[in-house]
Amino acid sequence: MDYYAVVGNPIGHSKSPMIHGMFAKQTSQNLEYGKIEAPIDAFTNTVNKFFEQDRQKGLNITVPFKEQAWALCQARTDRAELAGAVNTLYLDENNNLCGDNTDGVGLVRDLKNNGVMLKGKKILIVGAGGAVRGVLQPILKELPSSVVVCNRTLSKAEELVLIFKHLGNIRSSAFQDLSEAFDIVINGTSASLSGDLPPLSAKVISPRTVVYDMMYSKEATVFNVWAAENGSDKTIDGLGMLVEQAAEAFKIWRGLTPKTADVMAALRLL
Ligand code: ATR
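In this text the structure is predicted, and so the values were computed from the model without any measurement.

Moving on to the overall build of the protein. Across its full length, the protein holds 10 helices and 12 strands. Its C-alpha atoms give the protein a radius of gyration of 18 Å, near enough to 18 Å, the size a compact globule of 270 residues would have. The principal-axis extents of the C-alpha atoms in the protein amount to approximately 55 × 40 × 30 Å. In the protein, buried positions account for 50% of the 270 residues. When the accessible surface of the protein is summed, it comes to about 12,700 Å², and 50% of that surface belongs to carbon and sulfur atoms.

Written as C-alpha cells, this is what we have:
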C-alpha cells in the first residue's frame, strides 16, 4: 500500500481525498489518500516528515502553501517553474523532492471537456494573483490569438505579462479600459470567495462568450450569475478544473490517467 495526502490550512473541506479515492478504485491502485493540516509556520517540517516514511509517495499542496512548496523543491517542471507555485510533490529515484503544477492543465482540460478550444481565441483573464500565474503557461501553450490579463492592481498584471510574454501574445489592461467582447473570459480572482464581483464592464460579454470561474460552489458563483445575466450562453465553474488537476497529479504518481466524467458527476451530487 502506498500513501498520498493533500496538505493545506485549513484542509477540512478538501475534496481531494474523495477524488483520489475514486481514481484509485477505478484504476485498481492499492493506495490511501488522506489530508494533513500543516501548522502555518511548519509547512517544511510537515513535508519533510511525510517523505521520511517508507511508502509515503506524494503530496498535493493547496492554499496557502503552494509558493512555499515551490521554494522547497530541488527540481521543478517547466510549467511549475513559471507558475511560481507547486501543487504536486514526489521524490525522484535519487530521493530529490520534485514539484509540478497541474492547475493550468486541469483548467485547459476542463475547458476541452466542455467543448471549448483555446486555439485562435481572444481570452480575458481577470486577476493577477497566484491562481492566475499558475494557469498562464498551459493556456498560452494552446496558442490563443491573444490573452489580456486584467487586474485591480495593474502593476501585478504587468508583472505577469513580463514573466509570460515569451510564450505568446499577452498584455495587461486596467478594468476601465476593457470595452470589447472576448471569446473566453476566465475569472481567477479571489473575489467570489467573499461574494464580490470584480469591476468588469458587461461589454466583455457577448452571447457567444464562454465564461469560466476558477472558483466553484454548490450554487452558481456570483461571477457566473453576473455573466449569464449579461448575456453569456455558456458559464462553467471550477469543479472540473479541480478534478482534472487531480487526474494529472494521479498520472504523475501512478503512470495512469483516470477517467474523470464519473467523478465529476459524483461530486455534483454532494
Ligand atoms: P490567489 O492565490 O487566489 O490568486 P492572491 O494571490 O491573493 O490569491 O490574488 C487574489 C486576486 O484576486 C488578485 O488578482 C486580486 O486583485 P489585487 O491584485 O488587485 O488585489 C483579486 N481580487 C480579490 N478580491 C477582489 C475584488 N473584490 N475585486 C477585484 N479583484 C479582487
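There is more to say, and it comes next.
With that settled, the discussion passes to the pairing of strand β11 (residues 210–213). Taking every second residue as pointing to the same face, both faces of β11 are buried, with V210 and Y212 on one and V211 and D213 on the other. Pairing of strand β10 (residues 184–187) with β11 involves 4 bridges; the strand directions are parallel. From the neighbouring strand, I186 faces β11, where its bridge partner is Y212. Judged from the 4 bridges that link them, β11 and strand β12 (residues 234–237) form a sheet pairing that is parallel. Across the sheet, residue V210 finds its bridge partner in β12, namely K234. Remark: the β11/helix α8 (residues 222–229)/β12 crossover connection has right-handed handedness.

Near the ligand lie 14 residues; those nearest to it are A131, N151, R152, T153 and K156. Between G130 and the ligand, the recorded distance is 3.0 Å, taken from a backbone N or O atom to an oxygen atom. K156 is positioned with one of its side-chain polar atoms (N or O) 2.8 Å from an oxygen atom of the ligand. When isolated, the ligand has an accessible area of 650 Å², and the protein chains bury 71% of it. Partitioning the shell around the ligand into residue classes produces 4 nonpolar, 7 polar and 3 charged.

Time to look at the sheet that holds β12. Read from one edge to the other, the open sheet built from 6 strands follows the order β9-β8-β7-β10-β11-β12, with strand pairing classed as parallel. Both outer strands of the open sheet, β9 (170–173) and β12, are each paired with one neighbouring strand and no more. On average, each strand axis in the sheet is inclined to that of its neighbour by 20 degrees, with strand direction left out of account. Of the pairings in the sheet, the one linking strand β7 (residues 122–126) to β10 comprises 4 bridges and is parallel in character. Looking across to β10, one finds that I123 is bridged to I184.

Evaluation of the coordinates by the stated rule reveals 11 salt bridges. For the salt bridge of R79 with E248, the shortest nitrogen-to-oxygen distance reads 3.1 Å. Of this pair, R79 sits in helix α4 (residues 78–83) while E248 sits in helix α9 (residues 239–254), placing them 169 residues apart in sequence. Of the two residues examined, R79 and E248, each falls in the buried class. Residues joined in a network through salt bridges with shared partners are R79, D100, R109 and E248.

With that out of the way, let us pick up the side chain of S232. Within the fold, S232 resides in the loop between α8 and β12. Engagement of the side chain of S232 in a polar contact is seen with the backbone oxygen of T209, the distance being 2.8 Å. At 3.1 Å, the side chain of S232 forms a polar contact with the backbone oxygen of K234. With sequence-adjacent residues up to four places away left out, S232 is seen in contact with I205, S206, P207, T209, V211 and A227.

Rules used in this analysis
Residue numbers restart at each chain and count upward from 1, following the sequence in its written direction. Local features are withheld for residues below a pLDDT of 70 in this predicted model, meaning they are given only at 70 or higher, and side-chain atom pairs are given and counted only at 80 or more; totals for whole chains, interfaces and linings count all residues. Heavy atoms throughout the structure, all of them, feed into the side-chain values; hydrogens and water do not. The helix and strand labels rest on DSSP assignments: H or I over at least four residues marks a helix, E over at least two residues marks a strand, and numbering proceeds from the N terminus. Our radius of gyration looks at C-alpha atoms and nothing else; its globule reference is 2.2 Å times the residue count to the power 0.38. Only protein chains enter the calculation, and the probe is 1.4 Å; a residue is then buried if its accessible area is under 20% of its type maximum, exposed if over 50%, and partly exposed in between. Computed by Shrake-Rupley with a 1.4 Å probe, the accessible areas treat only the displayed protein chains as cover when residues are assessed. Between any two strands, at least two bridges found by DSSP are needed for them to pair. A clockwise path from the first strand over the helix to the second, with the strands pointing away from the viewer, defines a right-handed crossover. We call a residue near a molecule or strand when any one of its heavy atoms sits within 4 Å of it. Counting of polar contacts relies on pairs of N or O atoms within 3.5 Å, with two restrictions inside protein: one atom must be capable of donating a hydrogen and the other of accepting it, and residues adjacent in sequence are counted only when both atoms are side-chain atoms. Polar here means any residue other than Ala, Val, Leu, Ile, Met, Phe, Trp, Tyr, Cys and Pro, which are nonpolar, and Asp, Glu, Lys and Arg, which are charged; Gly is therefore polar. Where helices are involved, their axes are fitted lines through C-alpha atoms of the stretch in contact, as for all axes, and angles between N-to-C directions lie from 0 to 180°. Each salt bridge in this description consists of a side-chain nitrogen of Lys or Arg and a carboxyl oxygen of Asp or Glu lying within 4 Å of one another. Should any heavy atoms of two residues lie within 4.5 Å, those residues are considered in contact.

What is shown is where atoms sit, not what they do.
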